[in-house]
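Architecture and fold: a report
Here are the chains, one letter per residue:
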Amino acid sequence: MKTAFLGLGTMGAPMARNLVAGGVDLTVWNRSRQTVDSLCEAGAHAADSPEAAVADADVVFSILADDAVSEKVVVESGALARMKRGAIHVNMATVSVPFAQRMAALHAEHGVQYVAAPVMGRADVAAAAKLNILAAGDDHAIETVTPLLEKMGQKVWPVGASAEMANVVKIQVNFMLAVAIESMGEACALGEVYGIETGKFLDIVTNTLFACLGYQSYAGLIRESRYKPANMPATRGNKDVGLALSAANDRQVPLPLGGVVRDSLNEIIANGDGDKDWGALAEYAARRARVDRPRED
């Protein structure tokens, strides 16, 4: 089965590398050439354009920054129009609900099956092929691509027949994670003004009531004030919180905590720290509490 991969960024590169390592016949495209060359050394084939990459592919994977970039690379480039009838496009990006709905309809017009499969996990998790992968779309299409998805992740979670359902779940997950980081940061700031050392507090909570991956991984960043290089830049986190607020607004669902986290992320970005990991929500919670904590330059 010939396969293509569009977008070799922080997440896409290790995911594509795992496909190649798993023996997949893979053609790759990326806007910058360096990552393409590295994957070709591992056994992938290079394409000079998105449309060239997908022309003979039975399955096309893409993981691009947002709605606008996905539109440009998949649709405006002519890639969708070049996909074979009956091919399957698996969009692994975190995109908005209306965009997912529109993409599903547009792919149907071109005779291409569309599966939404956003991922849960950071770049190191992607490199270890331990991602959790959400999947929504036609059951047969999901069944067809599952062996490929399993080369990139530890579990595939089907969530529905409509593609946008996977994107809704991913938006829910990222919203919860943003709120968790903000709450940890604020709790740490509260403790520090009373002389409770942040590292000790985080050791307690992440080994008792909050002993789970989400809290534990970000507790490590907060403990060390280590927000660069970013796995999830504040700018991208802000985009995802915006997706949650937009989806909520479309169905009149109040998300009061969403506004709080959005404002905190906007504060980070306005201060020129948008390239820091969104774990820096804790740094800014400390600043607002006038806690003197070491900061990255």
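Coordinates for the structure precede this section.
In this report, the structure presented in the accompanying data block is examined. (Residues numbered from 1 in each chain as written. Predicted model: local features only at pLDDT ≥ 70, side-chain atom pairs only at ≥ 80, totals over all residues. Heavy atoms only, no water.)

Once that is clear, we can look at the pairing of strand 4 (residues 59-62). Of the two faces of strand 4, the one holding Val59 and Phe61 and the one holding Val60 and Ser62 are both buried throughout. In terms of strand pairing, strand 1 (residues 2-6) meets strand 4 through 4 bridges, oriented parallel. Residue pairing for strand 4: Leu6 is matched across the bridge by Ser62. Two strands pair when backbone bridges link them, and strand 4 and strand 5 (residues 88-91) are joined in this way by 4 bridges, in the parallel orientation. Each residue of the ladder has a partner; that of Ser62, found in strand 5, is Asn91. (Buried < 20%, exposed > 50% of the residue type's maximum accessible area, 1.4 Å probe, protein only. Helix = DSSP H or I, 4+ residues; strand = E, 2+ residues; numbered from the N terminus. Pairing = 2+ DSSP bridges.)

To continue, consider the side chain of Ser264. With respect to the helices and strands, Ser264 occurs in helix 13 (residues 256-270). Not counting chain neighbours up to four residues away, the residues in contact with Ser264 comprise Glu182, Leu281 and Arg288. (Contact = heavy atoms within 4.5 Å.)

A separate point is unusual backbone geometry. Most peptide bonds take the trans form, and the phi angle of most residues other than glycine is negative. The peptide bond linking Lys228 to Pro229 adopts the cis configuration, its omega dihedral lying at -5°. Within the element layout of this structure, Pro229 appears in the loop between helix 11 (213-224) and helix 12 (234-250). You will see that Ser225, though not glycine, has its phi angle at about 50°, which is positive. Here Ser225 shows up in the loop between helix 11 and helix 12. Not every positive phi belongs to a glycine, and Arg290 is a case in point at roughly 60°.

Two elements in contact, helix 9 (residues 164-193) and helix 12, have axes separated by 9 Å at closest approach and are oriented at 120°. Here the hand of the crossing between helix 9 and helix 12 comes out left-handed. Two secondary-structure elements touch here, helix 9 through Ile171, Asn174, Phe175 and Ala178 and helix 12 through Asp240, Val241, Leu243 and Ala244. For the contact of helix 9 with helix 12, a count of residues per class yields 6 nonpolar, 1 polar and 1 charged. (Axes fitted to C-alpha atoms, helices over the stretch in contact; angles between N-to-C directions. Left-handed = near helix turned anticlockwise from the far one by under 90°. Nonpolar A, V, L, I, M, F, W, Y, C, P; charged D, E, K, R; others polar.)

One finds Phe5, Met15, Phe61, Val90, Met92, Leu149 and Met152 to be the most contacted residues of the largest nonpolar core, which totals 35 residues. In this structure Met152 touches Phe5, Met15, Leu19, Phe61, Met92, Ala129, Lys130, Leu131 and Ile133, once residues within four positions along its chain are discounted. Val97, Val205, Leu221 and Ala282 belong to the second-largest nonpolar core, a separate cluster that totals 31 residues. (Core = buried A, V, L, I, M, F, W, Y, C linked by side-chain atoms within 4.5 Å.)

So, about the environment of Thr198. With respect to the secondary-structure elements, Thr198 resides in helix 10 (residues 198-205). Along the backbone, Thr198 and Arg223 are 25 residues apart, and their C-alpha atoms lie at a distance of 6.6 Å. There is a polar contact of 2.3 Å between the side chain of Thr198 and the side chain of Glu192. (Polar contact = N/O pair within 3.5 Å; in protein donor to acceptor, adjacent residues only side chain to side chain.)

Here the structure, examined in full by the defined rule, presents 15 salt bridges. Its salt-bridge partner being Glu71, residue Arg102 comes within 2.5 Å of it at the nearest N-O pair. With a gap of 31 residues between them, Arg102 in helix 6 (residues 97-109) and Glu71 in helix 4 (residues 67-76) connect regions that are remote in the sequence. With a closest N to O distance of 2.8 Å, Glu283 and Arg287 form a salt bridge. (Salt bridge = Lys/Arg side-chain N within 4 Å of Asp/Glu carboxyl O.)

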